[in-house]
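Examining the three-dimensional arrangement
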Amino acid sequence: MNSYVVQFLRLLLLTIVFWIIAFSIFIFIRYFAIGSEEGVIVTTYHISDILYFGVILGVLIGVIFTITEFLFDKFLSKNLSLALVLTEKFIIYLLSIILSLNYVYPLVEEALNLNISNEDGWWKESRHFWLLVGYFLVCSIIFSFIKIANEKFGSGVFFNFLIGKYRNPKEEKRIFMFLDLQASTTIAEQIGHYRYSELIQDCFYDLNRIVSKYNADIYQYVGDEAVLSWKYKTGIKKNNCVELFFHFKSRIEKKQKRYLKKYGLVPKFKAGIHGGELIVTEVGSIKKEIAYHGDVINTCARIQGECNKYNETLLCSNAIIHDLKLSSKFKTKYIGDLELKGKEETLKISAIKLN
């Protein structure tokens, strides 16, 4: 299935669930308040009858919210200022709430026997409507905060941050990929530092479009280098750590006309893959982040640094290749033993290519 479709469906499910819960809470609270205001005995109704409207409103707003967020995130936000994006989203959401409530309010009035204004232009003077708009904005901020935090730290990491899982160092088994632009110094001199920065921005934008498909976390960006990470089993599953590299390479090649027109070149990347046990911990106080400590990081960087020496684009430790189930579309080429600085033992590495 297309990665965009999977991402959209995942966002749609999470968004609908979030807004159903949010609006059910709001309607439940307002039902008792309005019922009291109208002199209605609230105990004469089943809670399920009340929350039913929360489900309807949650689905309506959830679908609109998902479509808007997805289109802006994937196709529009990159070329628009933040102020313009926020303004356009607010207008879309305001219109959506008005249209949705024009559908839901008559149902609520009839089912619960409440006197709720719903004539043309009712929302302009409705205290309930503007209260709902304020509630919607607060919930939107909460949802956006959670979404941004997950994008920043990686799926599930933010929750671990909140519960303090990494407050004390923890040992985990993970796979890392160091992904680096080839001939970066030459390219920077050729096109200038400003356009070089734009090139890196475009490349990493393309990378970000596919990382979720392979369940990868972006640990950090260092200049023209991106460091990606997986939990060990996740990186091994379906060869995610290898498939991501070749998908990214293919994506760049498919856009070569665009890159040639804008920069006069097609960027090429090299990568090193390695994994094993390492320590994960929370560091910093003013700026907190999750840090990984251990030989796995240094060794992975060393493997990537050997790409130029052997004229290869993807090198991987044999320990990882042994656990992968590479299909016939891949072929491996044994490179040799990599000497590790400060250690007596060596590490066997191989190149991975497409057949």
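Residues numbered from 1 in each chain as written. Predicted model: local features only at pLDDT ≥ 70, side-chain atom pairs only at ≥ 80, totals over all residues. Heavy atoms only, no water.

Let's shift gears to the pattern of salt bridges. Within the structure shown, the criterion is met by 13 salt bridges. Put simply, Asp206 and Arg251 hold a salt bridge, and the shortest N to O gap is 3.4 Å. One end of the pair, Asp206, is in helix α8 (residues 193-208); the other, Arg251, is in helix α10 (residues 240-254), with 45 residues separating them in the sequence. Asp206 sits in the buried class, given a relative accessible area of 1%. (Salt bridge = Lys/Arg side-chain N within 4 Å of Asp/Glu carboxyl O. Helix = DSSP H or I, 4+ residues; strand = E, 2+ residues; numbered from the N terminus. Buried < 20%, exposed > 50% of the residue type's maximum accessible area, 1.4 Å probe, protein only.)

Under the 1.5 Å per step criterion, the end-to-end length of α10 is 21 Å for 15 residues, consistent within 8% with the ideal 21 Å. Taken residue by residue, α10 has Asn240, Cys241, Val242, Glu243, Leu244, Phe245, Phe246, Phe248, Arg251 and Ile252 as its buried positions. (Expected span 1.5 Å × (residues − 1).)

The next thing to look at is the confidence of the model for the protein. Low pLDDT marks regions whose predicted coordinates should not be analysed in detail. Taken as a whole, the protein shows an average pLDDT of 83; of its residues, 83% reach a score of 70 or greater. Overall, residues 35-43 carries pLDDT values under 50, and its contacts beyond four positions in sequence, including any with other chains, amount to 14 contacts. (pLDDT = per-residue confidence, 0-100. Contact = heavy atoms within 4.5 Å.)

Moving on: unusual backbone geometry. Positioned with a positive phi, Asn215 is a non-glycine residue whose angle comes to about 55°. Assignment of secondary structure puts Asn215 in the loop between α8 and β2 (217-222). Residue Asn215 is classed as partly exposed on the basis of its relative accessible area, which comes to 41%. Not every positive phi belongs to a glycine, and Asn239 is a case in point at roughly 55°. Relative to the helices and strands, Asn239 resides in the loop between α9 (232-236) and α10.

Looking now at the packing of aromatic side chains. On inspection of all chains with the given rule, the structure shows 19 aromatic pairs. Measuring from ring centre to ring centre gives 5.4 Å for Phe8 and Phe70, while their planes differ by 80°; the resulting arrangement is edge-to-face. Here Phe8 is found in helix α1 (residues 3-38), whereas its partner Phe70 is found in helix α2 (residues 47-76), with 62 residues between them in sequence. Overall, the relative accessible area of 10% leaves Phe70 in the buried class. Ring centres 6.1 Å apart and planes at 75° place the aromatic pair Phe176 and Tyr219 in the edge-to-face group. With a gap of 43 residues between them, Phe176 in strand β1 (residues 170-181) and Tyr219 in strand β2 connect regions that are remote in the sequence. Three or more aromatic residues link up through ring pairs in this structure, and these residues are Phe18, Trp19, Phe23, Phe65, Tyr93, Phe136 and Phe143. (Phe/Tyr/Trp six-rings, centres within 6.5 Å; stacked < 30°, edge-to-face > 60°.)

Two elements in contact, helix α7 (residues 184-191) and α8, have axes separated by 7 Å at closest approach and are oriented at 125°. Considering the angle they form, α7 stands oblique to α8. As for the relative orientation of α7 and α8, their crossing is right-handed in sense. Across the interface between the two elements, Ser184, Ile187, Ala188 and Ile191 from α7 touch His193, Arg195, Tyr196 and Leu199 from α8. The class makeup of the residues in the contact of α7 with α8 is 5 nonpolar, 2 polar and 1 charged. (Axes fitted to C-alpha atoms, helices over the stretch in contact; angles between N-to-C directions. Parallel < 35°, antiparallel > 145°, perpendicular 65-115°, else oblique. Left-handed = near helix turned anticlockwise from the far one by under 90°. Nonpolar A, V, L, I, M, F, W, Y, C, P; charged D, E, K, R; others polar.)

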